Amino acid sequence: MRFFLSGPSGVGKSTIIRAILAAHADIRLSISYTTRTPRPGEQDGREYFFISREVFEERVASKCFLEWASVHDHLYGTSLDWVVSMEKLGYHILFDIDVQGVRQAQAQNSPGAYIMLLPPDIATLERRLKGRGTEDSLSLATRLENAKKEMRAWTLYDYLVVNDRLETAIADVESIISAERLRRRAVEGRLTWLSEIG
Ligand code: 5GP
């Protein structure tokens, strides 16, 4: 199963992802390739595979990416090989990708649950973005505008999860995972006898 998770910065996406991964040994976070430089504490091959723009462009040309996008002037891409090899090992994959990536995944009919995380309202998002301080060089107004641009694509998603209280938002994502595990196509493979009853 594939879980695609998007949301504007400041919505609490990383915290929710950490909680989901800690609770599910069979779900792996897709490790993307990126041209941005590592932040303090980030390790190559853990948060991202950090590569040059030149190498990235070569990989685009040789169709190595399931999807790729330019976000805040950096390139990010999902490795098709990595995803397929993890799925062969029996893992489900959680993708932390932006709206441009979701559009491409959907254009390829990539099956999965498409989830967007939203703040309870714009004022709350603004407050949270302010609280993030000077983590990046963009002004608050630009970050807020980028966030609105991302959220305007809400109609692309199957599920909208509002992060008002963190525990509730995590429980909501857990419910989606439980429901997806009960989809017919997810269950039928395990119940081989179903095809034997005629
Ligand atoms: P950050 O640089 O803060 O780690 O990520 C910035 C944004 O890039 C996030 O919104 C994240 O969802 C998006 N992103 C990270 N990896 C990928 C990817 O492989 N593909 C796409 N389309 N977006 C990504």
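The text that follows walks through the structure, step by step, so that each part is easy to find. This structure is a prediction, so every number in the text was calculated from the model and none was measured.

## Some thoughts on the pattern of salt bridges
Then comes step 1: This structure, assessed with the given rule, holds 8 salt bridges.
Then comes step 2: We note a salt bridge from Lys-13 to Asp-96, for which the minimum N-O separation is 2.9 Å. Taken together, the positions of Lys-13 in helix α1 (residues 13–23) and Asp-96 in strand β7 (residues 92–96) put the pair 83 residues apart, joining distant regions of the chain.
Then comes step 3: Residue classification places Lys-13 among the buried residues on the basis of a relative accessible area of 16%.

## Thoughts on the packing of aromatic side chains
Then comes step 1: Inspection of the entire model under this criterion finds 8 aromatic pairs.
Then comes step 2: When the centroid spacing of 4.5 Å and the interplanar angle of 10 degrees are considered together, the rings of Phe-4 and Phe-95 count as stacked. Residue Phe-4 is located in strand β1 (residues 2–6), and its partner Phe-95 is located in strand β7; the two are separated by 91 residues in the primary sequence.
Then comes step 3: Considering the side-chain rings of Tyr-48 and Tyr-76, the 5.7 Å spacing of their centres and the 55 degrees angle between planes classify their relative orientation as tilted. Pair noted here: Tyr-48 is in strand β4 (residues 48–50) and Tyr-76 is in strand β6 (residues 74–79), with a separation of 28 residues, a long-range link. Considered together, Tyr-48 and Tyr-76 belong to a single accessibility category, that of buried residues.

## Examining the environment of His-92
Then comes step 1: Structurally, the position occupied by His-92 is in strand β7.
Then comes step 2: Taking the C-alpha atoms as reference points, His-92 and Ser-52, 40 residues apart in sequence, are found 29 Å from one another.
Then comes step 3: The contacts of His-92, once residues within four sequence positions are left out, are Met-1, Phe-3, Asp-26, Ile-27, Arg-28 and Arg-181.
Then comes step 4: There is a polar contact of 2.9 Å between the side chain of His-92 and the backbone nitrogen of Met-1.

## Focus on the sheet that holds strand β5 (residues 65–71)
Note: strands within a sheet are paired through backbone hydrogen bonds, in either parallel or antiparallel orientation.
Then comes step 1: If you walk across this open sheet you meet the 4 strands as β4-β3-β6-β5, and the pairing is mixed. Both edges of this open sheet fall to β4 and β5, since each of them pairs with a single strand only. Within the sheet, the average angular offset between the axes of one strand and its neighbour, ignoring direction, is 25 degrees.
Then comes step 2: Pairing geometry for strand β3 (residues 32–34) and β6, over 2 bridges, is antiparallel. Counted as the bridge partner of Tyr-33 is Gly-77 from β6.
Then comes step 3: Contacting β3, β5 and β6, helix α2 (residues 53–61) crosses the sheet at an angle of about 45 degrees to β6.
Then comes step 4: Of the strands in this sheet, β4, β5 and β6 touch helix α3 (residues 80–88), which is tilted by about 35 degrees from β6.

The rules we used
- Residues numbered from 1 in each chain as written.
- Predicted model: local features only at pLDDT ≥ 70, side-chain atom pairs only at ≥ 80, totals over all residues.
- Heavy atoms only, no water.
- Salt bridge = Lys/Arg side-chain N within 4 Å of Asp/Glu carboxyl O.
- Helix = DSSP H or I, 4+ residues; strand = E, 2+ residues; numbered from the N terminus.
- Buried < 20%, exposed > 50% of the residue type's maximum accessible area, 1.4 Å probe, protein only.
- Phe/Tyr/Trp six-rings, centres within 6.5 Å; stacked < 30°, edge-to-face > 60°.
- Contact = heavy atoms within 4.5 Å.
- Polar contact = N/O pair within 3.5 Å; in protein donor to acceptor, adjacent residues only side chain to side chain.
- Pairing = 2+ DSSP bridges.
- Axes fitted to C-alpha atoms, helices over the stretch in contact; angles between N-to-C directions.

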